[in-house]
Amino acid sequence: MSVHPERTYVVTGADSGIGALTARTLQERGARVIRCGLGVDVEVSADLGDDEGRAHLLREVERLAPGGIDGLALVAGLGTPTVETVRVNYFGTLSVLAGLRTRLRKKEAPRVVVVSSASSLTAGDPEVIEACLRGDEEAAVAAAERIIARGEGSSLYRSSKIALNRWVRQSATTDDWAGTGVPVNVLAPGIVATETARETMLSDPAQVKVLTTALPQPLGFPGPVQAVADALVWMIGPENSFMAGQIIYLDGGAEATLRGDGPYREGIRYGPAAMARMIFYSLVSKARPRRER
């Protein structure tokens with residue numbers, strides 16, 4: 001069992017579900033946890049759906065952890081067919097991440113994990129996703145409103161998570177993050193037995209049939225919440241020292257079932273510039289005299 005003595009973590013969405021269990025697991029393993037959420041049983045109560053709430057969270061974390069934070073678990077999210085899902089899931093998450101970057105850099109082994117969803121395996125709305133990736137919150141909200149008007153608001157949750165996945169893949173290896181020693185990765189859980197899930201989608205037998213068809217989980221449906229919390233704890237712990245920009249599907253086998261070997265069948269394709277560099281470095285290496293062992 002990993003132990004995290006004298007490390008300080010921030011967990012958003014810590015007032016329920018995966019976030020609450022992650023915070024408790026970290027505390028049980030010796031860490032100090034700054035729990036953020038909307039409830040009263042948290043250290044920081046803030047709504048990530050607007051600028052005021054995001055700024056309040058950042059101020060409070062700075063006050064509570066002036067020496068910096070060792071890890072950040074961005075768990076907070078909504079699944080409702082409303083524009084708030086886009087505001088919180090994408091823009092709120094990335095606002096907190098950007099705002100706490102200097103706090104993370106104060107520590108020797110900072111780690112970040114963004115919680116996405118295995119629902120991101122299915123198609124989302126391109127207009128919402130592209131507006132998110134441009135950083136245009138108002139355009140993303142306007143696109144979300146059009147989707148809701150068409151009666152397709154349920155796609156906003158997975159669209160916001162697809163956008164998060166893509167942002168991490170684009171940004172995690174840049175100078176701002178991996179280049180300054182701050183690994184950022186994604187954990188994409190399948191459907192797990194949180195209290196909210198049991199009270200909503202898992203309480204309807206017809207909905208369960210739809211979900212198990214859309215997201216087959218060979219290891220069990222629903223999955224255990226503790227498995228997700230344990231993975232998050234490891235991903236923001238010092239042991240996770242050499243991983244950046246990865247999307248880890250903790251989904252009972254759903255991603256492998258749906259994709260098979262598709263993403264890996266053809267291997268990596270390098271562009272002309274990369275090929276030229278590799279050929280050049282290969283020739284340089286061959287031209288150097290070899291040292292005797």
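On a predicted model such as this, the values are computed, not experimentally measured, just so you know.

> When you look at the sheet that holds strand 2 (residues 32-37) in this model, what are you seeing that I'm missing?
Strands in a sheet are paired, the pairing made by backbone hydrogen bonds, and the direction either parallel or antiparallel. Taking strand neighbours across the sheet as the criterion, the seven strands line up as 3-2-1-4-5-6-7 in an open arrangement whose pairing is parallel. The open sheet has two edge strands with one neighbour each: strand 3 (44-45) and strand 7 (247-250). The pairing of strand 2 with strand 3 spans two bridges and is classified as parallel. When the sheet's bridge partners are listed, Gly 37 is paired in strand 3 with Ser 45. Running over the sheet, helix 3 (residues 83-99) touches strand 1 (8-12), strand 4 (71-74) and strand 5 (111-115) and is turned about 175° from strand 4.

> Where do I start with the layout of surface pockets in this structure?
Over the atoms a probe the size of a water molecule is rolled, and this reveals where empty space is left. Roughly 1500 Å³ of internal volume is contained in the largest pocket. Residue lining of the largest pocket: 48 residues in total, with Gly 77, Leu 78, Gly 79, Tyr 157 and Met 201 positioned closest to the centre. Contributions of two or more residues to the lining of the largest pocket are made by helix 1 (17-28), strand 2, helix 7 (155-171), helix 8 (195-199) and helix 9 (205-214). For the lining of the largest pocket, the residue count by class is 25 nonpolar, 19 polar and four charged. If you add up the space inside the second largest pocket, you get close to 440 Å³.

> What is the right way to read the pairing of strand 5 from this model?
Remember that side chains alternate between the two faces of the sheet whenever the strand is regular. The buried count for strand 5 comes to five of five residues, which makes it a mostly enclosed element. Neither face of strand 5 is left uncovered, since the one carrying Arg 111, Val 113 and Val 115 and the one carrying Val 112 and Val 114 both have all their residues buried. The sheet contact formed by strand 4 and strand 5 spans four bridges and is parallel. Bridge pairing in strand 5 places Leu 74 opposite Val 114. Here four bridges tie strand 5 to strand 6 (residues 184-189), and the two strands are oriented parallel to one another. Each bridged residue has a counterpart across the sheet, and for Val 114 the counterpart in strand 6 is Val 186.

Rules of the game
- Residues numbered from 1 in each chain as written.
- Predicted model: local features only at pLDDT ≥ 70, side-chain atom pairs only at ≥ 80, totals over all residues.
- Heavy atoms only, no water.
- Pairing = 2+ DSSP bridges.
- Helix = DSSP H or I, 4+ residues; strand = E, 2+ residues; numbered from the N terminus.
- Contact = heavy atoms within 4.5 Å.
- Axes fitted to C-alpha atoms, helices over the stretch in contact; angles between N-to-C directions.
- 1 Å grid on protein atoms, 1.4 Å probe; cavity = no way out; pocket = protein on both sides within 12 Å on 5 of 7 lines; lining within 4 Å.
- Points joined across faces, edges and corners; volume = space filled by probe spheres on them.
- Nonpolar A, V, L, I, M, F, W, Y, C, P; charged D, E, K, R; others polar.
- Buried < 20%, exposed > 50% of the residue type's maximum accessible area, 1.4 Å probe, protein only.

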